[in-house]
Amino acid sequence: MHKIALLVLATLVLAACGNSEPPAAKGPELVVYSSRIEQLIKPIFDDFTKETGISIRYVTDEAGPLLARLKAEGENSPADMLITVDAGNLWHAADMGILHAVQSETLSANIPPALRDEQGRWFGVSIRARTIVYATDRVKPEELAGYEDLADEKWSGRLCLRTSKKVYNQSLVASMISAFGEEKAEQIVGAWVNNLAVPPFSNDVKVVEAIEAGQCDVGLVNTYYLARMLVENPELPIGLFWANQGGEGVAARGVHVNVSGAGITKASKHKENALRLLEWLSGPSAQYDFAHLNQEYPVNDKTAPSELIDQWGSFRADTMPLSEAGRLQGDAIKLMDRAGYR
């Protein structure tokens, strides 16, 4: 009887196993290293997963540590994609040899040439314009012109800037080196320093707050900072002026624009799915999210900006390839140091 009971029990166990569903197979997954904050990228990644079934794990940190980590990990890196801000960081990543070049008709159609790497190693996925803001009760728009005009003596003791340590200002100065040459650009930056009302601030929000408080009258910021502040306080007495729209030659070169961007890593073991994500980031769903979650401009001109920033109207952007800003960034840092811009 004992042997029979054991046989019956074994049969029941096998039958139960045969009727149960096997564990669900783990679906495809991508790993992204991102210097963009979680509140912005998570909704975008969640939408991608819903649409494609490809899940995303992400690591967030500052751009510098992420680049160093990718370099140290080499071909053993788990990362499939790098997302970061500013063409300077993207250029450095490409120059370090950690990004994989791709050719994609979708990316070429969705992203203008000036906003992507010529060799296809990185692509802009959102635009941030850096331009002039001013106190509407103390400055008239017709008094303003371009970045270089903030070097005029009429702005002495009236200018506020963010620190030169931030990559956004480094890329702006790099664009001025490209436009004017290094000697003239240094003269302009030195005059900015002479016109400062107070020492440079740590971020753009503090620049806007200083103008509101009457510490200064004009400043330079990325537009999305002002837009987010206007969402909180529509009565903020700060106006926006599109730089370098008139005149001739370099005076009319247009507003300095930069990007947040992405590239597939050389170490990626899932390059096909990584390309799907990269192309998706340039498409309508992700472009809408970039425009509305962070008040940035979409790189894809088929996507409209948010209603708030659409009220600022259109502007002519500087068409200098952003890879040039990355290439000149080291020169820009040295120039700002020589000019006393801290």
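**Student:** If you had to explain the packing of aromatic side chains to someone new, which residues and values would you point to?
**Tutor:** Counting across every chain of the model gives six aromatic pairs. Between W242 and Y297 the ring centres are 6.4 Å apart and the planes differ by 65°, which places this aromatic pair in the edge-to-face class. With W242 in the loop between β7 (238-241) and β8 (256-264) and Y297 in strand β9 (residues 297-298), this pair connects stretches of sequence that are 55 residues apart. Both residues of the pair, W242 and Y297, belong to the buried class. Sitting over the ring of Y168, K166 keeps its end group 5.4 Å from the ring centre.

**Student:** Describe the pattern of salt bridges, and please don't skip the residues or the numbers.
**Tutor:** Scanning the entire structure with this criterion turns up 16 salt bridges. Note that D137 and R138 form a salt bridge whose closest N and O atoms lie 3.3 Å from each other. Look at R138 and you get partly exposed, because its relative accessible area is 31%. The partner of D204 in a salt bridge is R162, with the nearest N and O atoms 3.2 Å apart. With a gap of 42 residues between them, D204 in helix α8 (residues 204-213) and R162 in the loop between β5 (159-160) and α6 (167-180) connect regions that are remote in the sequence. Here D204 and R162 have matching classes, each one buried. One continuous salt-bridge network, built from bridges that share partners, spans D137, R138, R158 and D217.

**Student:** Please set out the pairing of strand β3 (residues 81-85) residue by residue, giving values where relevant.
**Tutor:** With five of five residues buried, β3 lies mostly within the body of the structure. Of the two faces of β3, the one carrying M81, I83 and V85 and the one carrying L82 and T84 are both buried. Relative to β3, strand β1 (residues 29-34) is paired through three bridges, and the arrangement is parallel. Residue pairing across strands places S34 opposite I83, the latter belonging to β3. Sheet topology note: the β3/β8 ladder contains five bridges and is antiparallel. Each residue of the ladder has a partner; that of I83, found in β8, is A262.

Criteria and cut-off values
Residues numbered from 1 in each chain as written. Predicted model: local features only at pLDDT ≥ 70, side-chain atom pairs only at ≥ 80, totals over all residues. Heavy atoms only, no water. Phe/Tyr/Trp six-rings, centres within 6.5 Å; stacked < 30°, edge-to-face > 60°. Helix = DSSP H or I, 4+ residues; strand = E, 2+ residues; numbered from the N terminus. Buried < 20%, exposed > 50% of the residue type's maximum accessible area, 1.4 Å probe, protein only. Lys NZ or Arg CZ within 6 Å of the ring centre and 35° of its normal. Salt bridge = Lys/Arg side-chain N within 4 Å of Asp/Glu carboxyl O. Pairing = 2+ DSSP bridges.

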